[in-house]
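Each chain, written out:
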Amino acid sequence: MKQNKFKRLLLMITILVCTLSGCKPIVEETEKNLTIYSSFYPIYALTSLVTRDVPDMTIHCLVEPQDGCLRDYQISDRDLYLLAYSADAVVLAGSGLESFADALTSESNTQIAALKLLEGLDLYQGHSDEDESHFEGANPYLYLSIDGAIRMIENAESGLSVLDPDYEELYHKNANRAIEELTALRDELLAKTSILNGKRAAILAEPLFYVAKMYGMDAVCTVERECGQALYGSEIDDCLNALAESQVDVVLIEKQAPLKLVNAISDAGYTIAKIDCMNTHTEKEGAEGYFAAHRANANALIEAIKGE
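Residues numbered from 1 in each chain as written. Predicted model: local features only at pLDDT ≥ 70, side-chain atom pairs only at ≥ 80, totals over all residues. Heavy atoms only, no water.

Enquirer: How should the overall build of the protein be read in this particular structure?
Expert: From N to C terminus, the protein includes 10 helices and 10 strands. For the protein, the proportion of contacts with a sequence separation of at least 24, taken over those separated by at least 6, is 70%. Surface accessibility of the protein: about 13,700 Å² in total, with carbon and sulfur atoms responsible for 47%. (Helix = DSSP H or I, 4+ residues; strand = E, 2+ residues; numbered from the N terminus. Contact = heavy atoms within 4.5 Å. Areas by Shrake-Rupley, 256 points an atom, 1.4 Å probe, with all protein chains shown as cover.)

Take a look at the structure:
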């Protein structure tokens with residue numbers, strides 16, 4: 001049966017670029033369907049592109065939409081229940097995006113296989129003067145770069161092909177198709193965003209470095225705060241002073257940022273582009289939501305620079 005093959009193959013995965021831990025699935029031997037959970041929506045969207053039309057496979061998004069920083073998410077009882085009773089494997093970003101990754105990939109966990117799509121990839125390296133800041137070290141939000149997403153697709157193909165070799169050719173075909181679609185999306189967006197090249201950008205949330213880089217913007221100012229975090233009193237003053245000193249052209253902030261903070265920046269005369277960091281989407285949107293979010297982000301940046 002397919003599940004027996006899946007069990008035996010788990011011991012082989014350590015040779016992959018995608019990291020694997022664990023040695024057997026939890027689902028019952030009589031279960032024919034292979035069930036995979038991806039951690040957050042962007043990981044789900046990219047993985048689903050590689051698993052299109054694969055027979056006897058179901059893929060879900062584990063974590064529901066989040067307003068705050070994905071790095072701060074603590075795995076819930078609901079998540080654990082889903083993994084314990086229906087998951088054969090989980091697909092993670094890795095590199096610190098999932099705070100619960102170690103619990104799923106430790107040597108003591110023999111219940112689930114875990115693929116890490118950021119394993120071995122070059123990530124933006126941030127710097128911070130604050131202790132235990134998410135802005136220090138590897139930035140795991142590579143999916144906000146289309147070129148980065150292509151590398152993640154390649155890792156997904158490699159891992160899934162070893163987990164489920166019966167459909168290796170289909171995974172390869174799907175990955176090639178996804179890469180073509182992502183390349184076309186990148187070319188489409190870059191063709192209409194030349195106005196952004198060289199613009200001085202302020203980064204007000206960790207994921208947005210990749211957006212600025214993709215469009216050739218110069219990240220001249222960083223205000224360290226988490227997605228969804230409000231600033232108060234002197235914190236807002238410090239933020240505005242940093243923007244003034246850096247002479248920014250546009251402020252990049254996450255779409256769900258507190259209105260009070262957005263208004264304070266706008267009232268001070270700064271141009272704001274609200275960017276979708278893709279943590280508020282659901283699996284019902286499918287991979288199409290990922291493509292739509294990139295287009296919406298490009299339009300938001302263009303409209304901000306043009307003053308529309």
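Enquirer: I'm lost on helix α6 (residues 168–191) in this one. Help?
Expert: One full turn of an α-helix is made of 3.6 residues, so residues set three or four places apart face in the same direction. Its 24 residues place the ends of α6 34 Å apart at the C-alpha level, agreeing with the 34 Å of an ideal helix rising 1.5 Å per residue. In this structure, the buried side of α6 is in contact with α2 (41–50), β2 (57–61), α5 (146–163) and α10 (288–306). (Expected span 1.5 Å × (residues − 1).)

Enquirer: Help me understand the environment of Ala156 in this model?
Expert: By secondary structure assignment, the location of Ala156 is in helix α5. The exposure class assigned to Ala156 is buried, which follows from its relative accessible area of 1%. Each C-alpha atom of the pair Ala156 and Thr51 lies 9.2 Å from the other, and the pair is 105 residues apart in sequence. (Buried < 20%, exposed > 50% of the residue type's maximum accessible area, 1.4 Å probe, protein only.)

Enquirer: I'm lost on the packing of aromatic side chains in this one. Help?
Expert: Centre-to-centre distance and the angle between the planes together describe a pair of aromatic rings. All told, the structure shown has 9 aromatic pairs when counted by the stated rule. For the ring pair Phe40 and Tyr73, a centre distance of 6.2 Å and an interplane angle of 85° mean the geometry is edge-to-face. In this pair, Phe40 sits in the loop between β1 (34–38) and α2 while Tyr73 sits in the loop between β2 and α3 (77–86), placing the two residues 33 residues apart along the sequence. When sorted by exposure, Phe40 lands in the same class as Tyr73, which is buried. Measuring from ring centre to ring centre gives 6.1 Å for Tyr141 and Tyr143, while their planes differ by 65°; the resulting arrangement is edge-to-face. The two residues Tyr141 and Tyr143 agree in class, both being buried. Here the aromatic residues Phe40, Tyr73 and Phe100 are joined through ring pairs into a cluster of three or more. (Phe/Tyr/Trp six-rings, centres within 6.5 Å; stacked < 30°, edge-to-face > 60°.)

Enquirer: Sorry, what's going on with the nonpolar core here?
Expert: In summary, soluble globular proteins display a tendency toward joint burial of nonpolar side chains. Within the largest apolar cluster, 87 residues are counted, with the highest numbers of intra-cluster contacts made by Tyr143, Leu252 and Tyr290. Dropping the residues within four chain positions of it, Tyr290 is found in contact with Tyr41, Ala45, Leu46, Tyr143, Ser145, Ala149, Leu182 and Met278. Among the nonpolar cores identified, the runner-up in size contains 19 residues, and Cys239, Leu240, Val251 and Ala257 belong to it. (Core = buried A, V, L, I, M, F, W, Y, C linked by side-chain atoms within 4.5 Å.)

Enquirer: Would you mind going over the sheet that holds β2 with me for this structure?
Expert: Note: strands within a sheet are paired through backbone hydrogen bonds, in either parallel or antiparallel orientation. Within the open sheet, the 4 strands sit side by side as β2-β1-β3-β4. Their pairing is parallel. In this open sheet, the two strands that pair with only one neighbour each are β2 and β4 (113–116). Averaged over all adjacent pairs, the angle separating strand axes in this sheet is 20°, with direction ignored. With 4 bridges connecting them, strand β3 (residues 89–92) and β4 associate as parallel partners. Opposite Val91, over in β4, you have Leu115 as the bridge partner. Along the sheet face, α5 touches β1, β3 and β4 and points at about 155° away from the line of β4. (Pairing = 2+ DSSP bridges. Axes fitted to C-alpha atoms, helices over the stretch in contact; angles between N-to-C directions.)

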